[in-house]
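# Summary of structural features
Read off the chains here:
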Amino acid sequence: MIPAPLSETARRHASLLSLPLCLAIGAAYALVIFGWDFFSQETYFWSAVGGDMLVSLSAGRYYIHDPWAWPLFLSPSLGAPEGTVIVFTDAVPLFALLAKTVYSLFGVPIPYYGLWIICCFGLQGMCAAGVVLAAGERHPVPIVAACLLALSLPAFLFRFQHVSLLGHFLILLALLAYIAGTRPGGKPDRPWWAVAWPALLLFAAILVHPYLAAMAATLLLAALLRATLDRRLTPLQAAGLLGVTAAGAVGLMVVAGHIGSGFAPSVAAGFGGFGHFSMNLASPLVPQLSGLFPPFPGSLEHLFPAPAALGGVVDATGGQYEGFNYLGAGLLALIAVGLLARPRYALAGLKRHWLFAALCIGLLLFALSDRAFLLERQLYSLPLGDTLRGLAEQFRSSGRFFWPVTYALMITAVLLVWRGLPRRVAVLALAAAVALQLADTRPLRATLSDFVHQSGDPREPFGRAIWQPIIARHELVMLLPPVACHFSHVALQFQIRAAYDRVPITSAWASGRTNADCAAAEAAARTLDGPPPGVLLIYPSVALSPDEVAARQADASLCRQFPGGVACSRHPGVTWLPETHFTPLPPVLR
């Protein structure tokens, strides 16, 4: 049944309810996918995380329980004795700070990752609704449609393992700031307040993730320039606002530890990747991980050989999963309908917002990087000097920078359809687009649900049942060499195990940045003849083989070989169990 047109009063009342409604829709959306137990962080999943989520989870656990230090987000126990600034670990510093404050005052540890995830989903829906409201639409249909489309964007659902990067609502808020500042009828008499709250948004984004902060800053700069062009701000006011905001951002980054903390790009850790972690030009349009289309077959093989999207995402470099930006069948259909419904309106909007359009083109080009691909075919390769490449490497996963363009396209499509079609047809079009989008992203939601509801043997190689009795008896876990100098998944596993038992660890992985002295660490790994008192010494086998470790031990009976490396301890109470897991070092080399 198609609803009758709402009166102006009814629309106004409905708009007041739309924000909390979309907040609830987003939270319910998350609960359906993950289940309530997941958010308590007590399920098996949280004790068996790996990869980037392992890094962020362990950093957060250390930070909450460590004493306060300088810079504000320094965790002395992670990467001891120097410590690690957790802003480089994707640990959602803003929520970590709140959780640490609560723990310091009341002694209550908050499982803030679960809280962060459900907030991301709730705020994703609410902020999408807020953008449509800021554009002047009060009817609940386009508002709820934007909410559901935003929650079902493949690029949003795909970011789950990068927990802090789920904060796409910050991009939506920056887009809201731009739209609110360019609407006809805005108030020119409050220019400072118009940019004051977006500045606070930028500061919040800095304390969530640098990529989100960079995207928010780009959109906020566009809002500032637009306000200047529209004469809502004088050039002097705009320069003042820009200067104050920039100074505040730099000051915050000094306090947080982004700047001046001694952490530098680590070549040994493989820092780099600009041009590798890019977006494929076909990524937004080609169905990937879709519930409506099969894995992308060789349907274009007559044009391009061996498409790289077979069974996965479009990827011509081996790293373009970072640029996974498939828009989804529902949104693609809505964009097509919107352009057909009101082409002149679209062109007029493009003309008025030429600055924003130029910004989107710039973000697209940066997402494509200096080596652009369409499926497997390289379109161009641009030479970058050392200075430009060094700057670009700070955001090496450039494929992510298409996200603001995605949200701009989504909001534009919703508005074009709602304003360009007869009301009943528009309702049907938006409903159909949402249904298509939900159906198309079903595999992504199912994958997320299966991923977080996994189960396993608690006595697996790095399970707590095996390592907790050993780690808890020590004052320090020493990994030689540290993971920042010689990457190892084994080292990452000890990072999370030690974090659970609140035992400091000498190794830390921090997004390709380190303050470790790798030369000294490598020398220690090859000269240390045994574990110091109170120290659990770990040699990952990817760096040194058990034979090499055994040859350097003064007393090899203190060490045991396990799947992935060698562990050594002088603690008299350590029992190496089970015996099938811990075996003596090769006797021939003792």
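Here the structure is shown first, and the text comes after it.
In this report, we go over the structure that sits alongside the text. (Residues numbered from 1 in each chain as written. Predicted model: local features only at pLDDT ≥ 70, side-chain atom pairs only at ≥ 80, totals over all residues. Heavy atoms only, no water.)

So, about unusual backbone geometry. Excluding glycine, residues mostly have negative phi values, and the peptide bonds linking residues are mostly trans. In this structure, the amide linkage connecting Ala80 to the following residue, Pro81, adopts the cis form with an omega of 5°. In the Ramachandran plot, Arg231 falls in the positive-phi region, its phi being about 65° despite a non-glycine side chain. On the accessibility criterion, Arg231 (77% relative accessible area) is exposed. (Buried < 20%, exposed > 50% of the residue type's maximum accessible area, 1.4 Å probe, protein only.)

Right, let's get into the state of the cysteines. Applying the stated rule across the entire model yields one disulfide. The disulfide partner of Cys559 is Cys568, and the gap between their sulfur atoms is 2.0 Å. Across the S-S bond of Cys559 and Cys568 the torsion is about 110°, and the bridge reads as right-handed. Each member of the pair, Cys559 as well as Cys568, is classed as buried. Of all cysteine sulfurs in the structure, the one in Cys22 sits closest to Cys147, which takes part in no disulfide; the separation is 3.5 Å. (Disulfide = S-S within 2.5 Å.)

To characterise two packed helices, one gives the angle between the axes of the helices and the distance between these axes. Two numbers describe how helix α6 (residues 140–151) lies on helix α16 (residues 403–420): the axes approach to 10 Å, and their chain directions differ by 150°. Overall, the two elements α6 and α16 adopt an arrangement that is roughly antiparallel. Like other packed secondary-structure pairs, α6 and α16 cross with a definite hand, here right-handed. Taken together, the residues of α16 that come into contact with α6 (itself represented by Val141, Pro142, Ala146, Leu149 and Ala150) are Tyr407, Met410, Ile411, Val414 and Trp418. Among the residues forming the contact of α6 with α16, the class breakdown is 10 nonpolar, no polar and no charged. (Axes fitted to C-alpha atoms, helices over the stretch in contact; angles between N-to-C directions. Helix = DSSP H or I, 4+ residues; strand = E, 2+ residues; numbered from the N terminus. Parallel < 35°, antiparallel > 145°, perpendicular 65-115°, else oblique. Left-handed = near helix turned anticlockwise from the far one by under 90°. Contact = heavy atoms within 4.5 Å. Nonpolar A, V, L, I, M, F, W, Y, C, P; charged D, E, K, R; others polar.)

What follows covers the nonpolar core. Membership of the largest hydrophobic core comes to 152 residues, with the highest contact counts inside it found for Phe34, Trp116, Ile117, Phe121, Phe160, Trp467 and Phe494. It is helix α5 (residues 112–134) that contributes the most residues to this core, 14 residues altogether. One finds Ala80, Val549, Val566 and Leu585 within the second-largest nonpolar core, a separate group that totals 16 residues. (Core = buried A, V, L, I, M, F, W, Y, C linked by side-chain atoms within 4.5 Å.)

With that out of the way, let us pick up the pattern of salt bridges. As enumerated under the stated definition, the model contains eight salt bridges in all. Measuring nitrogen to oxygen at the nearest pair gives 3.0 Å for the salt bridge that ties Arg400 to Glu322. On the criterion of sequence distance, the pair formed by Arg400 in the loop between α15 (386–393) and α16 and Glu322 in the loop between β3 (264–265) and α12 (329–341) is long-range, its members being 78 residues apart. We note a salt bridge from Arg389 to Asp370, for which the minimum N-O separation is 2.5 Å. Here Arg389, found in helix α15, pairs with Asp370, found in the loop between α14 (354–368) and β4 (371–374); they are 19 residues apart in sequence, far enough to count as distant. (Salt bridge = Lys/Arg side-chain N within 4 Å of Asp/Glu carboxyl O.)

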